[in-house]
Amino acid sequence: MIDITPSQAQKMTAPAPFGLVSTVKDDGSDNLMAVSWWCFLTNHPHTLGVCLSKKGLSGSLIVKNGEFGLSLPGGELKEKALKCGMCSGRTADKPAEFGIELEKASVIGAKLVSGSRVAFECRLVNSFDVGDHVMYVGEIAAAHGDESVKQLYAFDGYGRLDTV
Ligand SMILES: Cc1cc2nc3c(=O)[nH]c(=O)nc-3n(C[C@H](O)[C@H](O)[C@H](O)COP(=O)(O)O)c2cc1C
């Protein structure tokens, strides 16, 4: 092996399982944010973490609402899902503008992305300041899935999404 930078390592460890964090905005409309930095954390209780930049809107909505959805969208949402990582919910109504169909969750207010392989409903139980990002820890209150859907992964420094 040779010495590499952390940025090179991020690219070399792609593909990363890709998700869309769903939250509810102050006006009641829905927001979606692209995330590659998420992972399962614990089994007792079942938790997962999403690591969100302090610059975006979604983190503040997770704190306000105390909950969030995480959907792992299927391949047919490739282009639309990527767009959710290129603009903020502060200036865009992403689900409406990109034509992403949402469905009601069972126990949280945030909606889930239709046509996902897996979608989680999470209640915020902790958060950790980690420099320019915050890790939000969600307890999985409900999960839904469809084995026939091929999920998306992020490649090339998160510039491209595809199934594998
Ligand atoms: C493929 C992809 C993956 C991304 N993963 C993350 C991530 O894990 N964490 C993060 O903070 N931003 C990530 N982003 C960037 C955010 O999605 C982007 O900043 C977004 O505009 C934030 O939206 P919001 O302001 O509506 O919350 C990613 C973008 C793309 C295209």
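Throughout what follows, the structure given in this document is the object of discussion. All of these numbers come straight from a predicted model, not from anything done at the bench.

Here we come to the sheet that holds strand β4 (residues 38–43). The strand order across the open sheet formed by seven strands is β3-β2-β6-β9-β10-β5-β4, and the pairing between neighbours is antiparallel. Because the sheet does not close on itself, it has two edges, and the strands there are β3 (30–35) and β4. Averaged over all pairs of adjacent strands, the angle between their axes in this sheet comes to 35°, without regard to strand direction. In the sheet, strand β9 (residues 116–130) pairs with strand β10 (residues 133–145) via twelve bridges, with the strands oriented antiparallel. Counted as the bridge partner of Val118 is Gly145 from β10.

One can find Cys87 in the loop between α3 (78–83) and α4 (94–98). Residue Cys87 is classed as partly exposed on the basis of its 13 C-beta neighbours within 10 Å. For Cys87 and Leu32, which are 55 residues apart along the polypeptide, the C-alpha to C-alpha distance reads 10.0 Å. Cys87 has contacts with Ala92 and Lys94, leaving out every residue within four places of it along the chain.

Around the ligand, the surrounding shell holds 23 residues, and the nearest of these are Trp37, Gly56, Ser58, Gly85 and Ser88. Sorting the residues of the shell around the ligand by element identifies β3 and β5 (46–53) as the ones contributing at least two each. When residues in the shell around the ligand are grouped by element, the largest group, four residues, is from β3. Here the shell around the ligand is composed, by residue class, of 13 nonpolar, nine polar and one charged.

Turning our eyes to something else, we now look at the nonpolar core. If you look at the biggest cluster of nonpolar residues, it comprises 31 residues, and the most contacted ones within it are Leu20, Val21, Met33, Val50, Leu70 and Ala81. Elements with a contribution of two residues or more to this core: β2 (19–24), β3, β5, α2 (58–65), β6 (67–73), β8 (112–113) and β9. Looking at which element gives the most residues to this core, the answer is β3, with four residues. Every residue in contact with Met33, bar those within four places of it in the chain, is listed here: Leu20, Val21, Gly56, Ser58 and Cys84.

As summarised here, the arrangement of the three strands in space is β1-β11-β12, forming an open sheet in which the pairing is antiparallel. Across the chains shown, the open sheet's two edge strands, defined by having one partner strand only, are β1 (16–17) and β12 (160–162). Two elements, strand β11 (residues 153–155) and β12, share three bridges in a ladder whose sense is antiparallel. The residue bridging Ala154 from the neighbouring strand is Leu161, located in β12.

Along α2, the residues classified as buried are Ser58, Gly59, Leu61 and Ile62. The buried residues of α2 all sit within an arc of 165° when viewed along its axis, so they share a single face. Where α2 is buried, its residues contact β2, β3, β5, β6, β9 and β10. Looking one or two places after α2, you find Gly66, whose phi comes out positive at around 70°.

Each value, and the rule that gives it
- Residues numbered from 1 in each chain as written.
- Predicted model: local features only at pLDDT ≥ 70, side-chain atom pairs only at ≥ 80, totals over all residues.
- Pairing = 2+ DSSP bridges.
- Helix = DSSP H or I, 4+ residues; strand = E, 2+ residues; numbered from the N terminus.
- Axes fitted to C-alpha atoms, helices over the stretch in contact; angles between N-to-C directions.
- Buried ≥ 20, exposed ≤ 12 C-beta atoms within 10 Å, placed from the backbone.
- Contact = placed C-beta atoms within 7 Å.
- Near = placed C-beta within 6 Å.
- Nonpolar A, V, L, I, M, F, W, Y, C, P; charged D, E, K, R; others polar.
- Core = buried A, V, L, I, M, F, W, Y, C linked by C-beta atoms within 7 Å.
- Arc of directions from axis to C-beta.

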